[in-house]
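Given next are the chains, with one letter for each unit.
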Amino acid sequence: MKHSQDYYAQIFALLTTGRLSYIRTEELERLLYHTDAVAMVDRFAEEFQHHLNHVAEDQGNGPDAQAHDTDHPSLEENAHKQKPLSYDNDGAGEAPDPEALEASASVQSETQPPEVAACAETETPVPNTESSAEPDRHEQADGSLSYDNRDVATEDVTRRQEAGVSAESEAQPPEATDDVETAAEVPMPLAEIPTPASPEPLELPDLLVETATSPKDGAVPAPLAPGDVPSVSTAPKEPAVNDFRCNIPNGRSGEPYECDLGDLASTPAPEGAYFVLESAGGNDLSIEGERLVGTLGPAGNTEVRVNGHTKDGRLTVRFTLKLAVIPNPRDLWKDLPSDPDAPYAKADCDVDRVVSGSGWRMQMASQRGRSHAHKGLQRDDHGLIRATETGWHILIVADGAGSCGLSREGSRLICTHAGDRLQAYLEADDCPLESAATEFIEHGDGTMRQSLTQALHGSVLTGLHAGYQAIAAAARESGVSAKAFSTTTLLALHKHTERGSLVITFGIGDGGIAALTRGRGGKLLNDVDGGTHAGQTRFLDAKVFNAPDEDFYPRIKIHRFAALDALFLATDGVTDPLFDSDNDLKNARQWWEMFDTLAPVLGDPARPEVVAEDPLVQYLDFFKAGHHDDRTLAVLMVPDPTITEQAPEPSPAVAERPAEPSVIEETTEAEELHEESVAPVEEAERESGEPADPQRKESDQ
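Residues numbered from 1 in each chain as written. Predicted model: local features only at pLDDT ≥ 70, side-chain atom pairs only at ≥ 80, totals over all residues. Heavy atoms only, no water.

(A) Geometry of the environment of G294. Its location among the elements puts G294 in strand β8 (residues 291-295). For G294 and D284, which are ten residues apart along the polypeptide, the C-alpha to C-alpha distance reads 5.5 Å. Apart from residues lying up to four places away in sequence, G294 is in contact with E255, P256, Y257, D284 and L285. (Helix = DSSP H or I, 4+ residues; strand = E, 2+ residues; numbered from the N terminus. Contact = heavy atoms within 4.5 Å.)

(B) Structural context of the sheet that holds strand β22 (residues 631-637). Judged by pairing direction, the sheet is antiparallel, and its six strands sit side by side in the order β11-β12-β22-β21-β17-β18 without closing on themselves. Of all strands in the sheet, those bounded by a partner on one side alone are β11 (349-355) and β18 (521-524). Each neighbouring strand pair of the sheet contributes to a mean axis angle of 10 degrees, computed without reference to strand direction. Judged from the five bridges that link them, strand β21 (residues 564-570) and β22 form a sheet pairing that is antiparallel. Residue pairing in the sheet places F568 in a bridge with V635 of β22. (Pairing = 2+ DSSP bridges. Axes fitted to C-alpha atoms, helices over the stretch in contact; angles between N-to-C directions.)

(C) Fine view of the pattern of salt bridges. Tallied over the full model, the rule gives 22 salt bridges. Where R318 meets D243, a salt bridge forms, and the shortest distance between an N and an O atom there is 2.7 Å. Taken together, the residues span a long stretch of sequence, with R318 in strand β10 (residues 315-326) and D243 in strand β3 (residues 242-247) at a distance of 75 residues. Here R353 makes a salt bridge to D614, at a shortest N to O gap of 2.7 Å. (Salt bridge = Lys/Arg side-chain N within 4 Å of Asp/Glu carboxyl O.)

(D) Inspection of the packing of helix α11 (residues 433-443) against helix α12 (residues 450-478) at higher detail. Contact geometry of α11 with α12 gives a least axis separation of 9 Å together with a crossing angle of 135 degrees. Taken together, α11 and α12 sit at an angle that is classed as oblique. Note that α11 runs across α12; the crossing there is left-handed. Between α11 and α12, the residues in contact are L433, A436, A437, E439 and F440 and S451, L452, A455, L456 and S459, respectively. Grouping the amino acids of the contact of α11 with α12 by side-chain chemistry returns seven nonpolar, two polar and one charged. (Parallel < 35°, antiparallel > 145°, perpendicular 65-115°, else oblique. Left-handed = near helix turned anticlockwise from the far one by under 90°. Nonpolar A, V, L, I, M, F, W, Y, C, P; charged D, E, K, R; others polar.)

(E) How the structure looks around the pairing of strand β16 (residues 500-508). The buried fraction of β16 is high, at nine of nine residues. Note: strand β15 (residues 489-497) against β16, nine bridges, orientation antiparallel. Bridge pairing in β16 links L490 to G507. In sequence, β15 turns back onto β16 through a hairpin of two residues. Both β16 and strand β20 (residues 556-561) contribute to a ladder of six bridges, which runs antiparallel. Looking across to β20, one finds that V503 is bridged to H559. (Buried < 20%, exposed > 50% of the residue type's maximum accessible area, 1.4 Å probe, protein only.)

(F) Structural detail: the packing of aromatic side chains. Tallying each qualifying case throughout the model produces twelve aromatic pairs. Relative to F319, the ring of F275 has its centre 6.3 Å away and its plane inclined at 50 degrees; by these criteria the two rings are tilted. Residue F275 is located in strand β6 (residues 274-279), and its partner F319 is located in strand β10; the two are separated by 44 residues in the primary sequence. Considered together, F275 and F319 belong to a single accessibility category, that of buried residues. Following the ring pairs from residue to residue traces out a cluster consisting of Y468, F506, F545, F552 and Y553. Directly above the ring of F622 sits R631, whose terminal nitrogen or CZ lies 3.8 Å from the centroid. (Phe/Tyr/Trp six-rings, centres within 6.5 Å; stacked < 30°, edge-to-face > 60°. Lys NZ or Arg CZ within 6 Å of the ring centre and 35° of its normal.)

Take a look at the structure:
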């Protein structure tokens, strides 16, 4: 466009209404985009300026010419007094620069005659003295316009020569009137402007036509007469679609989410209305009635778009819902592999499964904790399960102290060396452990006889002592203290007899050993060593073996269960997140809840090629905030009932005795052994002035 938007607005208003007035913005925008309408105005302005230039040439530069008629404001000035209009984004309709207009007017007044300057100031188009390729347009005396292709300047000169009229004579000013001060201020009358031979009326574009009703059957609506007010259209309008943007409650990445969409509207939804999910914003969401439900995706700010429809399917509302997905703490943990070349390196996870000849099933899994995986550290826990040819089952779990740099090797040495020594002892033909333990239970007075002491010494004490000796040897080779290999130890021996399941346990440190019996019963089989502060516990050390009567044998517990379903050994990495306190470890219901959760993965599935994909290992990867220690679990379960179990041959010690009535549980409580050792320990403290218990150390959770 060659002129300002306001300029076109005034021209269009003049053409459509016959007077200087205001044209509606929407009509102006439609006309501005109609190229024919804009081109017509541009041609009219150029041709009109041509005539002004010819008039100025004919009249000459009179000394009395005035530069500007203040009583007749220009079209541009009149446009500035109208209501401001909006401008296009493409810049074609930008508002004129006042300084540029003033500079242009100054140049024209200096280079043109006063009469021409006065006329030029009433229009903003720049004079164009070149011949136009477009048809020339002229205004006749009656106000009509006509066109021809002749050069206006040439024809005007020719006409004047034929008429014998000189330029000087036509330049004489007319008589002055009350409205005009001098003749120099009055331009040439329109009646004297020559008209083309073949006039063509100016036709307005269709966009200028206003209709009272919508055209039907191709009927052309009648144009409005000047001054007419358009009537309001009676055509049916499309129902409005409301757009709303609002926030909905935040959610956590990877977790279930639910939001009631009915709460978003200020008024109840009409009967039969329903929602349709247009975009879930990268989340796994769906619409259920008036609820937005599903699982949230990655963390970040997302937008969920939901449309509301009426019963007949008409779209009435569009919701843009802003949803902030908060990062899941679990996703913030790194899983960096440990250094395989580090001293005493071990795999980040381990799993083992054993089925004994009598059908009892054993499973063990050990998983590196997130606190270690986040830093790429080694797994400190270790576990072992063995089945002997004589029907004994060995289960050991050990938790290396996180604050000790080589505890991962200490837990491995305890499990492997103790397991080897115990297996060798229990598979010997003259192993007295079963008969001694049975006699101890059946005697019932809680007195540990010499036979039982010797059997426990040759089995449990000797096995654990072998493991500790291996630790001491490794410490000497590494040039460090044996405390660098500190570890807790939980051990259980099991053998099924005709009178029930014989269970012998030993525990030092935290964690738990539990027996689950038929009828959802259960019993804790170890005393948890807790310190004054959280995270403190006891580790296997030389003091335990130096005073076995006070610190070793009281930790052994002997039980016989008539209907044992399962036996659990778990380090504190498992028990701490599942049991709120050490006292809760005595709650059989919570152990059974743990068993119910484990049941789906405690079958005997085929071992996957990747240990980390084993179901039992993946179970140990459960998440609970604040609990990210290594986790090790060993489980002994009753034989599969679908497999016919053959009753074991009775041992000679049991066969010599007459059969006794079957009981659900016969145990010798650990507290009885522990109470016998309390007095000597307290007496030793009073004599030495130092605690008899070995020093407790704080483990890194």
